[in-house]
Amino acid sequence: MKFFRSGSLFLTAVLLLLGGYKVSAQRLPTHWTKDGYQYYKITGDGIRISDTRDTGKKNLWISKDMLTPQGQAPLSIRRFSVSADGQKVLINTNTKKVWRYDTRGDYWVYDTGSKKLWQLGKNLPSSSLMFAKFSPDGNKAAYVSGHNIYVEDLTDGSVKQLTTDGSTKLINGTFDWAYEEEFGCRDGFRWSPDSKAIAYWQIDASKIKSYLMLNTTDSIYPYVVPVEYPVAGEDPSSCKVGVVDIGTGKTNWINTPGDAVQHYIPRMEWTLNSSEIILEQLNRAQTESRVFIGNVSTGSTRMVREEKSDAWIDGKERWNGGDPIGWEWINKGKDFLWVSEKDGWKHIYRVSREGKETLLTKGDYDVISVNLIDEASGYIYFMASPQNATQKYLYKIKITGGTKPERVSPADEPGTHNYDISPNGKVALHNFSNSYTEPVSEVVSLPAHKHIGGTVVALNKDAQNKTEFFKVKTADGIEMDGWMKKPTHFDPHKKYPVVFMVYGEPAGQTVTDTWGAGRNGLYAGSMADDGYIYMSVEGRGAPAPKGTAWRKAIYKKIGIVNIRDQAMAAKEILKWPFVDSTRVAVHGWSGGGSSTLNLMFQYPDVYKTGVAVAAVGDQLTYDNIYQERYMGVPVDAEGRAAFINGSPITYAKNLRGNLLYIHGTGDDNVHYKNAEELINELIKYNRQFELMSYPNRTHSISEGEGTGLHLKTLFTRYLKEHCPPGGR
């Protein structure tokens, strides 16, 4: 239902539909040096150190020659990490995909003192190591291979296997498909601060059924590709947390209350000492969150925080950019920060180890993400946009609370800002764009936000035919944000076809003031030059910073509330004098494909042409963590009814317009079964449509020579044929 988010597959959908076809790579973190003014960066000749105080200064730290094993080619650096003392670097290379990201590979260590380079786990299968990381003292490295955890001594090269029961169904130190896809959980183990133990997740997926995908293209005889996939209504994997002692190899399990199958543990870290871990537990419906501190010696736990909601509670990966790793400790570990929506807005709270809570960001606005806790200066930096939900700005507020937030982003730069702030809080890598200004990268000082280096932000105020942002109020009294790209040679006295791009689910926004708004990456050519109005409007359920009531109005009503909001907005837009109500098209991908189908089926009087890609046709076929989060757990007929009421196949018989349905047969996220269920319903009621199945392509439909061009050509031809461009 979603694309890469935080987590998501949603991000890929937006990149495809707005900016271009090519799928973006996983974003790598910035590795800052200890002083906080410099950072490491992969370059063509190795790893360089860039200095934010002198942006022209880029010293070569580790060269390709240093990373060349004897008798081999230089290592290709996919990602890297640096030991706490800055003396050793861990190189990840020769990587392979595990579902979304290439998290399997080989790891090598280079010691800048001894000038030695060696491979970790060299006796294990090639490209099998995952999430290798140095111990805090820099003397060891731990990693996962074959669903077991290993530790390797960096002084003598000895390897110790810490878990031995790992298998494809009993998973140590990493996660199953659903945890990875829906909680952003991949790295499943943590070193203790004293380097003497490792805390880790163990996932028991032995009772999870496999969806059997059929690969018919990679060999003469087709073969089955099983994917462990718990659909809505089926029990999740069992989950528990253990702590293994490096010396003895013994694991002590943390006694988290409740049924391990009917609860999730999406977050776990050490406290600031090596005798305790802290974790968050969600009930299966994800309406109750509890935080426990666990004693690693006894396994006992005590609850320090509890929250309940009438809808769902978002995990950290949903409010901090897709990263569930880390715990926001302050006051030397006596308190931590937490983001909650319990007062109707997404706010930061200070929570003591005893559970006392203090609201820090009071007001009618949402915190979009927490960017930095700068205890030295006494401030928290966070993203918000109180006045315009399509934009994003940096703010700061005192850790003690009791004050109003101060905007840090310049007032004369309207649009979307992103910051990678140095740990010392003095400088940041700043990225900016808006709908008419291409992305700009610079280095700025904080909190003054003075330009240090890079490209100075300059708004492209002279851009021609800018994307227009507007608000539309529906007959239900719902005011929605939208953007519109008019034809290049727009004549207000003529009527033009309108093409809506839709997503409509809680995984992401489409109406944002960013570069790419108004562009369609699936269209071969320029929609504006050809004479289309291209548009997106965004209703309730989208994760816009407009308050909890807005976001969670969709609870148990996906396929109903979001669809009505879209259709009611379209009806108002069709009243505009330059819009041709006989030429109205809609398209979307994944959850947007589902919305496209529902719009075509539920409101056939509005939408005449639709192109749906990789859509969920039946909500009961989608995975339990995502679908149950937003629709409830379908344990009885009443619970299942909500899923049925929101599913496109329920309304397929109403199709009257032109429909092109596109799906990859190798989609492990939204399975091809959805296409076949939909096809059967359309056949049953003699509803004619066009189908394009891409053999063995995944959810992104990006694999195989010529795929991107073929998809663009297909989309463009169909749109021009059934929703002709140009003013009339």
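Residues numbered from 1 in each chain as written. Predicted model: local features only at pLDDT ≥ 70, side-chain atom pairs only at ≥ 80, totals over all residues. Heavy atoms only, no water.

Taking an unreviewed UniProt entry as the reference, the protein is identified by name as Dipeptidyl-peptidase-4 belonging to Mucilaginibacter pocheonensis.

### What to know about the overall build of the protein
Along the backbone of the protein there are 11 helices and 43 strands. Over its C-alpha atoms the protein spans a radius of gyration of 26 Å, differing by no more than 12% from the 27 Å that the globule rule assigns to 728 residues. Burial status across the protein gives 59% buried among its 728 residues. Approximately 28600 Å² of the protein is accessible, and the part contributed by carbon and sulfur atoms is 49%. Between the centroid of the 87 positive side chains of the protein and the centroid of its 82 negative side chains there is a distance of 2 Å. (Helix = DSSP H or I, 4+ residues; strand = E, 2+ residues; numbered from the N terminus. Rg over C-alpha atoms; globule rule 2.2 N^0.38 Å. Buried < 20%, exposed > 50% of the residue type's maximum accessible area, 1.4 Å probe, protein only. Areas by Shrake-Rupley, 256 points an atom, 1.4 Å probe, with all protein chains shown as cover. Lys, Arg positive; Asp, Glu negative; His and termini not counted. Charge placed at Lys NZ, Arg CZ, Asp CG, Glu CD.)

### Observations regarding the UniProt feature "domain: Dipeptidylpeptidase IV N-terminal" (unreviewed entry) in the protein
In the numbering used here, UniProt assigns the feature "domain: Dipeptidylpeptidase IV N-terminal" (unreviewed entry) to residues 83-436. Taken end to end, residues 83-436 comprises 3% helix and 47% strand; its first and last C-alpha atoms sit 42 Å apart. (UniProt positions renumbered as here; feature names shortened; annotations may be inferred.)

### Section: the pairing of strand 10 (residues 140-145)
The buried fraction of strand 10 is high, at 5 of 6 residues. Relative to strand 10, strand 9 (residues 129-134) runs antiparallel, the two being bridged by 4 bridges. In the sheet register, M130 faces strand 10, and the bridge partner there is V144. Once strand 9 ends, the chain turns through 5 residues before running back antiparallel as strand 10, passing G138 with a positive phi of about 80°. Where strand 10 lies against strand 11 (residues 148-153), 6 bridges are found, and the strand directions are antiparallel. Residue pairing across strands places V144 opposite I149, the latter belonging to strand 11. In sequence, strand 10 turns back onto strand 11 through a hairpin of 2 residues, with G146 there showing a positive phi of about 60°. (Pairing = 2+ DSSP bridges.)

### A look at the UniProt feature "domain: Peptidase S9 prolyl oligopeptidase catalytic" (unreviewed entry) in the protein
Residues given the UniProt feature "domain: Peptidase S9 prolyl oligopeptidase catalytic" (unreviewed entry) here are residues 526-722. Secondary structure content for residues 526-722 is 40% helix and 17% strand, while the C-alpha to C-alpha distance between its ends is 17 Å.

### Digging into helix 7 (residues 591-602)
Between its first and last C-alpha atoms helix 7 spans 16 Å; for 12 residues at 1.5 Å apiece the expected length is 16 Å, and the two agree. The buried fraction of helix 7 is high, at 11 of 12 residues. Of the residues making up helix 7, those classed as buried are G591, G592, G593, S594, S595, T596, L597, N598, L599, M600 and F601. Looking at the buried side of helix 7, the elements it contacts are helix 6 (561-573), strand 40 (579-589), strand 41 (609-613), strand 42 (658-664) and helix 10 (673-684). (Expected span 1.5 Å × (residues − 1). Contact = heavy atoms within 4.5 Å.)

### Considerations on the sheet that holds strand 31 (residues 406-407)
Within the open sheet, the 4 strands sit side by side as 28-29-30-31. Their pairing is antiparallel. Of all strands in the sheet, those with a lone pairing partner are strand 28 (369-374) and strand 31, marking the two edges.

### Some points on the packing of aromatic side chains
All chains considered together, the criterion is met by 29 aromatic pairs. Consider the rings of F382 and Y395, whose centres lie 6.0 Å apart with planes at 20°: the pair is stacked. Pair noted here: F382 is in strand 29 (residues 379-384) and Y395 is in strand 30 (residues 393-398), with a separation of 13 residues, a long-range link. Under the relative-accessibility criterion, Y395 is labelled buried at 8%. Taken together, W177, Y229, W312, Y555, Y622, Y626 and Y630 form an aromatic cluster joined through their ring pairs. Just above the ring of W312 sits the side chain of K552; from NZ or CZ to the centre is 5.2 Å. (Phe/Tyr/Trp six-rings, centres within 6.5 Å; stacked < 30°, edge-to-face > 60°. Lys NZ or Arg CZ within 6 Å of the ring centre and 35° of its normal.)

### Here we look at a nonpolar patch on the surface
A cluster of nonpolar side chains, namely L212, L214 and V224, defines an oily patch on the protein surface of about 290 Å² accessible area. Structurally, L212 is set in strand 16 (residues 210-215). Look at L212 and you get exposed, because its relative accessible area is 56%. (Patch = residues over 30% accessible without salt bridge, like charges linked within 9 Å, V, L, I, M, F, W, Y side chains within 5 Å. Salt bridge = Lys/Arg side-chain N within 4 Å of Asp/Glu carboxyl O.)

### Focus: the sheet that holds strand 34 (residues 437-445)
As summarised here, the arrangement of the 4 strands in space is 32-33-34-35, forming an open sheet in which the pairing is antiparallel. The strands lining the two open edges of the sheet, one partner per strand, are strand 32 (416-421) and strand 35 (451-454). Averaged over all neighbouring strand pairs, the angle between strand axes comes to 30°, with direction disregarded. When strand 32 meets strand 33 (residues 427-434), the two strands line up antiparallel, connected through 6 bridges. When the sheet's bridge partners are listed, H417 is paired in strand 33 with F432. (Axes fitted to C-alpha atoms, helices over the stretch in contact; angles between N-to-C directions.)

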